Each structure stands twice: as structure tokens, then as C-alpha cells.
Amino acid sequence: MTAATPTLSQPQNIAEKPPVTRRRRPGSTTILVTGLLVVAALYFLVPVYWVVVAATKTSGDLFATNGFLFAPHFVLWDNLANVLAYGDGIFVRWFLNSILYAGVGALAATYFAAAGGYALAKYNFRGNSLIFGLILGGVLVPGTATALPLFLFFSQLGIANTYWSVLLPSLVSPFGLFLCRVYAQATVDPALLEAARIDGAGELRIFHSVGLRVLTPALVTVFLFQLVGIWNNYFLPLVMLSDSKLFPITVGLNNWLSQADRLPEFYQLTTGGVLLSVIPLAIAMIVLQRFWRGGLTEGAVK
């Protein structure tokens, strides 16, 4: 018998090298899209940068220095203090008025849009398509076209030159109702609603506990659109209001700017007021953007 020759065993703990992956070079389409996004970002950010720079200057430096460079005299805090103190704090009154108009108007308009869009999407009734067509027509009508008829109507009701004359038109958002209807059709599962009905939930409870939660991304979009639209609205308050204590920021700042030709210090007040006026919108965008990210990923993983 012959002895078996021992064989050398190969080591088992040698780590295998990962495969080498080559990085793909960005194509011409990626470069083009990135360039367009950079141009769009600059288009929106450059005016904000100019406002920040202008708010740090005196009236003389505002015209004597480059608009995109800071002046030797940095008077930002003095300008902001003058804005808040001028006219016994009238700017603070305008600021609170804008919060009232935009905050209450955007919340109520979002709720009404969600209720109407949900009803048009999930209930079949006679005239559904006709109502939706009329809403689409309302989207095409600019707000400036209805300002004067609304003023005449509110004058007959005796509510012109009041808070209601600006708040009531802000409660309607045809675009928001259209968006909520489309989003409800795509995301609200009829089986989920039927399960809630089997459990004994009423229609209002189903809407508030199920529908509103599913519609959250659309509601945030409607709220932000309505908030920005009401906050920046100028023509409607200009037509409706004559009492300066009821003015929103837009009308009040334009009132200051109209006096800048006679009193140059109003340039400093206007630029400082514009800087303060964009802060609430920036805060709202930063706080609410997480709901957009959450809504975009819903349904991505089953």
C-alpha cells in the first residue's frame, strides 16, 4: 500500500478583491440640466441678495455704490430699528395684518380646497364634471379682474375697508381645489375608505382622519401657494382698503416708496421693510419642505 501524499490546503481567509467599478463621466445632458438649474437658482437668489445688501446702506450709499457690494457704512441694524419705530410702529401693524390675511386665509383656503377636491374625487353625483369644469375656468380668471366687482359688492354689504374685504376673497383657491381633486383621485384608495365605513366611521370622520392625512403633500403645496399669493397680493388690498392701519405689508411699503422722492430716508425704510417681509416666507418654506420630501417617497417601497 502506498501512503497518501499530503496536499497543501489553500488558505480560506484571503479576502476577495471587490470588482473595480469605473465612474461614469457626466454626459452632456447632465451638464446642460445642471447649468440650467444653476441659472434658475441665481435668478431667484440674486434679488434676495440685492435686498440684503441694500438694507445695509444709507440712502446716499444706495445710489453712490455698487448695488451688489456692501458699502463702507454698515447700517443694517439702524435701518431695521427705524423701520420698526417709524410712525409709532406702523410697520409692525402692517406685518401683523399680513400674518392675519395670509395665515388665516391660507389655512381656510387649504381646508376648503381639500374638502371640495376630496368630494369631487370620491363621490359620484350629478353635475360632478360640470362643477369641476367651472373650477378649471376659475383657475384661468386672474384675481385683478375680480377685484373691482368684489369691491362694488362688498361696498353694498358694508364690509369694504375692513379685514373681511381682504380675508373673504382669500378663502377661495380654484387651483388648490383642482390640485386636491387630482391628488385625491391618485392616492386615496377606495378600499381604505370602505374599510373605514365598515368600522362604523362617518363621512366627516373619514375625511378628517383618513383623507387629510393622505392628502398632506398636496395640502402643504396648496398652503404655500396660497400663503405666498396672499402675502404678496397688492392690488386687492389697494382697492379694498383706505385705512392705513388695515394695510398689509405690500401696500404699506409702496406707500413709503411713493414718498421717497420728497424724503430720501424712505429708501432706507423701504429696503429694510422688504428684508423683514421675506423672512416669514423663508421660514415657512424651510419648515414645510419636509412634508414634500415625505410625500414624494410615499408608495415607493411596498
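Worth saying up front: this structure is predicted, and the values here are computed from it rather than measured.

Enquirer: Please provide a residue-by-residue account of the overall build of the protein chain, values included.
Expert: When its secondary structure is counted, the protein chain shows 13 helices and zero strands. For the protein chain, the succession of helices and strands along the chain, N to C, is α-α-α-α-α-α-α-α-α-α-α-α-α. Relative to its 302 residues, the protein chain shows a buried fraction of 34%. Nonlocal contacts in the protein chain, meaning residues at least 24 apart in sequence, comprise 73% of its contacts between residues at least 6 apart. Accessible surface, the protein chain as shown: approximately 19500 Å² in total, 67% of it carbon and sulfur.

Enquirer: An account of empty space enclosed by the protein is requested, with residue identities and associated values reported.
Expert: If you roll a probe as big as a water molecule over the atoms, it shows you where there is empty space left. All chains considered together, the criterion is met by one cavity of 30 Å³ or more. The computed volume of the largest cavity comes to approximately 50 Å³. What lines the largest cavity is simply Ser98, Tyr101, Val166, Ser170, Ile230, Trp231, Asn233, Pro237 and Pro248. Listed by contribution, the elements that provide at least two residues to the lining of the largest cavity are helix H3 (76-122), helix H6 (163-170) and helix H10 (216-231). Tallied by class, residues from the lining of the largest cavity come to six nonpolar, three polar and no charged.

Enquirer: Describe in detail unusual backbone geometry, supporting the description with residues and values.
Expert: One non-glycine residue, Asp88, lies in the positive phi region at around 55°. Looking at where Asp88 falls in the secondary structure, it is placed in helix H3. Despite not being glycine, Asn161 has its phi angle at roughly 60°, a positive value. Positionally, Asn161 belongs in the loop between helix H5 (143-157) and H6.

Enquirer: I'd love a proper account of helix H4 (residues 128-140), names of residues and values included.
Expert: Look at H4: 19 Å from first C-alpha to last across 13 residues, which is about the 18 Å you get at 1.5 Å a residue. When H4 is considered as a whole, its buried residues turn out to be Asn128, Phe132 and Ile135. Mapping the buried residues of H4 onto a view down its axis gives an arc of 55°, with all of them on the same face. Set apart from the buried face of H4 by more than 90 degrees, the exposed residues are Ser129, Leu130, Leu134 and Leu140. Against the buried residues of H4 lie H3 and helix H7 (174-187).

Enquirer: Please give an account of the pattern of salt bridges that cites residues and values.
Expert: Summed over the entire model, instances satisfying the criterion amount to two salt bridges. In this structure, the salt-bridge partner of Arg197 is Glu194, at a minimum N-O distance of 3.5 Å. Of the two residues, Arg197 and Glu194 are both situated in helix H8 (residues 190-198); the distance of three residues between them amounts to about one turn of the helix. The salt bridge involving Arg197 is made with Glu203; its shortest N-O contact spans 2.8 Å. Note on Arg197: relative accessible area 28%, which makes it partly exposed. A cluster of three or more residues bridged by salt bridges with shared partners is formed by Glu194, Arg197 and Glu203.

Enquirer: Explain the layout of surface pockets residue by residue, including any values.
Expert: What the largest pocket holds in volume is close to 780 Å³. Considering the residues around the largest pocket, the lining is formed by 25 residues, among which Gly143, Pro169, Val172, Pro174 and Gln226 are closest to the centre. Each residue belonging to the lining of the largest pocket can be placed in one class, and the counts come to 15 nonpolar, ten polar and no charged. For the second largest pocket, the lining is made up of 23 residues, of which Val48, Asn232, Val278, Leu281 and Ala282 are closest to its centre.

Enquirer: Summarise the nonpolar core; cite the residues concerned and give the values.
Expert: Grouped burial of nonpolar side chains is what soluble globular proteins tend to show. Phe91, Trp94, Tyr101, Leu227, Leu241 and Trp256 are the most contacted members of the largest nonpolar core, which totals 39 residues. Elements with a minimum of two residues in this core: H3, H5, H6, H10, helix H11 (235-240), helix H12 (249-257) and helix H13 (265-296). Per-element accounting of this core gives the leading share, nine residues, to H3. Residues in contact with Tyr101, not counting those within four places in the same chain, are Ala106, Tyr163, Val166, Leu167, Ile230, Leu241, Leu246 and Pro248. Ranked by size, the runner-up nonpolar core spans 24 residues in total, among them Tyr118, Leu120, Ile135 and Val188.

Enquirer: So what about the packing of aromatic side chains? Which residues, and what values?
Expert: Each aromatic ring pair is described using two quantities: the centre-to-centre distance and the angle formed by the ring planes. Summed over all chains, the structure comprises 19 aromatic pairs. Between Phe63 and Tyr267 the ring centres are 5.1 Å apart and the planes differ by 80°, which places this aromatic pair in the edge-to-face class. Of the two residues, Phe63 is situated in helix H2 (residues 59-64) and Tyr267 in helix H13; the sequence distance between them amounts to 204 residues. With relative accessibility at 22%, the residue Tyr267 sits in the partly exposed group. An aromatic cluster of at least three residues, connected via ring pairs, comprises Tyr86, Phe91, Trp94, Phe95, Trp231, Trp256 and Phe266. Positioned above the aromatic ring of Phe132, the side-chain terminus of Arg181 is 3.9 Å from the ring centre.

Thresholds applied
- Residues numbered from 1 in each chain as written.
- Predicted model: local features only at pLDDT ≥ 70, side-chain atom pairs only at ≥ 80, totals over all residues.
- Heavy atoms only, no water.
- Helix = DSSP H or I, 4+ residues; strand = E, 2+ residues; numbered from the N terminus.
- Buried < 20%, exposed > 50% of the residue type's maximum accessible area, 1.4 Å probe, protein only.
- Contact = heavy atoms within 4.5 Å.
- Areas by Shrake-Rupley, 256 points an atom, 1.4 Å probe, with all protein chains shown as cover.
- 1 Å grid on protein atoms, 1.4 Å probe; cavity = no way out; pocket = protein on both sides within 12 Å on 5 of 7 lines; lining within 4 Å.
- Points joined across faces, edges and corners; volume = space filled by probe spheres on them.
- Nonpolar A, V, L, I, M, F, W, Y, C, P; charged D, E, K, R; others polar.
- Expected span 1.5 Å × (residues − 1).
- Arc of directions from axis to C-beta.
- Salt bridge = Lys/Arg side-chain N within 4 Å of Asp/Glu carboxyl O.
- Core = buried A, V, L, I, M, F, W, Y, C linked by side-chain atoms within 4.5 Å.
- Phe/Tyr/Trp six-rings, centres within 6.5 Å; stacked < 30°, edge-to-face > 60°.
- Lys NZ or Arg CZ within 6 Å of the ring centre and 35° of its normal.

All we've got here are geometric facts, nothing functional implied.
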